[in-house]
Amino acid sequence: MSSQTNAQRYGTAAGLRLGSNDFSRTVGITAQQRILKNITIEGIAQSDFSRNTTLHLLLERHRPIISKRFNYYYGLGYSLGWEESNIKNPATMEIITTYGNNTNGIDLIGGIEMTILNTTVSLDYKPNFNMSGREEFYRGQVGISVRTVIVKSKAQDKKRRQRAREKRKKNRTPLFEGLRERFKKN
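Every residue gets a number counted from 1 within its own chain, in the order that chain's sequence is written. pLDDT decides what is reported in this predicted model: residues at 70 or higher carry local features, side-chain atom pairs at 80 or more are listed and counted, and totals for whole chains, interfaces and linings draw on all residues regardless. Derived side-chain values reflect all non-hydrogen atoms in the structure, with water molecules and hydrogen atoms excluded from consideration.

The next thing to look at is the overall build of the protein chain. Going along the chain from the N terminus, every DSSP run of H or I of four or more residues is numbered as a helix, and every run of E of two or more is numbered as a strand. Scanning the protein chain from terminus to terminus reveals 2 helices and 8 strands. Listing each helix as α and each strand as β along the protein chain from the N terminus yields β-β-β-β-β-β-β-β-α-α. Across the 186 residues of the protein chain, 38% fall into the buried class. For the protein chain, the proportion of contacts with a sequence separation of at least 24, taken over those separated by at least 6, is 52%. Using a 1.4 Å probe, accessible areas were evaluated by the Shrake-Rupley method; residue-level cover was limited to the displayed protein chains. Surface accessibility of the protein chain: about 11800 Å² in total, with carbon and sulfur atoms responsible for 61%. Burial status follows relative accessibility: with a 1.4 Å probe on protein chains alone, a residue under 20% of its type maximum counts as buried, one over 50% as exposed, and anything between as partly exposed. Residue contacts follow a heavy-atom distance rule, with two residues in contact if any of their heavy atoms lie within 4.5 Å.

This next bit is on the pattern of salt bridges. What makes a salt bridge here is a side-chain nitrogen of Lys or Arg within 4 Å of a carboxyl oxygen of Asp or Glu, nothing more. Evaluated as defined, the whole model comprises 8 salt bridges. The salt bridge involving Glu-42 is made with Arg-147; its shortest N-O contact spans 3.0 Å. Placement of Glu-42 in strand S3 (residues 39-47) and of Arg-147 in strand S8 (residues 138-152) is noted, with a sequence separation of 105 residues between them. Here Glu-42 and Arg-147 have matching classes, each one buried. The partner of Arg-139 in a salt bridge is Glu-83, with the nearest N and O atoms 3.0 Å apart. One end of the pair, Arg-139, is in strand S8; the other, Glu-83, is in strand S5 (residues 70-89), and 56 residues separate them in sequence. For the residue pair Arg-139 and Glu-83, the accessibility class agrees, reading buried in each case. Each of Glu-83, Arg-134, Glu-136 and Arg-139 takes part in a single network of salt bridges with overlapping partners.

Okay, a positive patch on the surface next. Taken together, Lys-158, Arg-160, Arg-161, Arg-163, Arg-165, Arg-168, Lys-169 and Arg-172 make up a surface patch of like positive charges. With respect to the element layout, Arg-161 can be found in helix H1 (residues 153-171). What goes into a patch is any residue over 30% in relative accessible area without a salt bridge, connected to like charges within 9 Å or, for nonpolar side chains (Val, Leu, Ile, Met, Phe, Trp, Tyr), within 5 Å. Asp and Glu count as negative and Lys and Arg as positive, but His and the ends of the chain are not part of the count. Each charge is placed at NZ for Lys, CZ for Arg, CG for Asp and CD for Glu.

Moving on: the confidence of the model for the protein chain. A residue's pLDDT is simply how confident the predictor is in it, with values from 0 to 100. Averaged over every residue, the pLDDT of the protein chain is 87; the share at 70 or more is 88%. Confidence drops under pLDDT 50 across residues 1-5; counting only partners more than four residues distant or on other chains, this segment forms 9 contacts.

This brings us to the pairing of strand S1 (residues 10-20). Here, strands pair whenever DSSP counts at least two bridges between them. One ladder, built from 10 bridges, connects S1 with S8; its direction is antiparallel. Directly across from Leu-16, in S8, lies its bridge partner Val-146. Across 9 bridges, the pairing between S1 and strand S2 (residues 25-36) is antiparallel. If you follow Leu-16 over to S2, its bridge partner there is Ile-29. The antiparallel hairpin formed by S1 and S2 contains 4 residues in its connecting segment.

This is the structure:
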């Protein structure tokens, strides 16, 4: 059943995201766009309005649990930001905190989402693996997102079918012209 059914009821959705980890609580905006069947691209911009601001771009695969309105998803992506970093000095037993570090890293994401009344609510876990700019290699974040469906999947699919139909119609040659061309070549 899951391979035959689209795993989400929207083409485009945007809204708010609340995130929490050991270092900060963040508020952000999130937008998702379906690019293929069961595949979306998500952009997240979030900040704690103090020391941590991050941007994330994620590619996600959606799979239905019960129906296309209730599904789970997983994916990976890239992140960059300006974050605080804690450096522990074991000799003096002090922690030195630096702010405004330019960071970039790799994100993973896994979560569940439900779409009801043109609103998508999701709960996810998003681990981040630091590539540069921060002392900690790993930070995980739990997030709750609430998005409004801007374009439904039916509307997006209808537009895609219309474009394909127009392209076929444009490239089509009339029947008698095609036959005439074949006889001219022989």
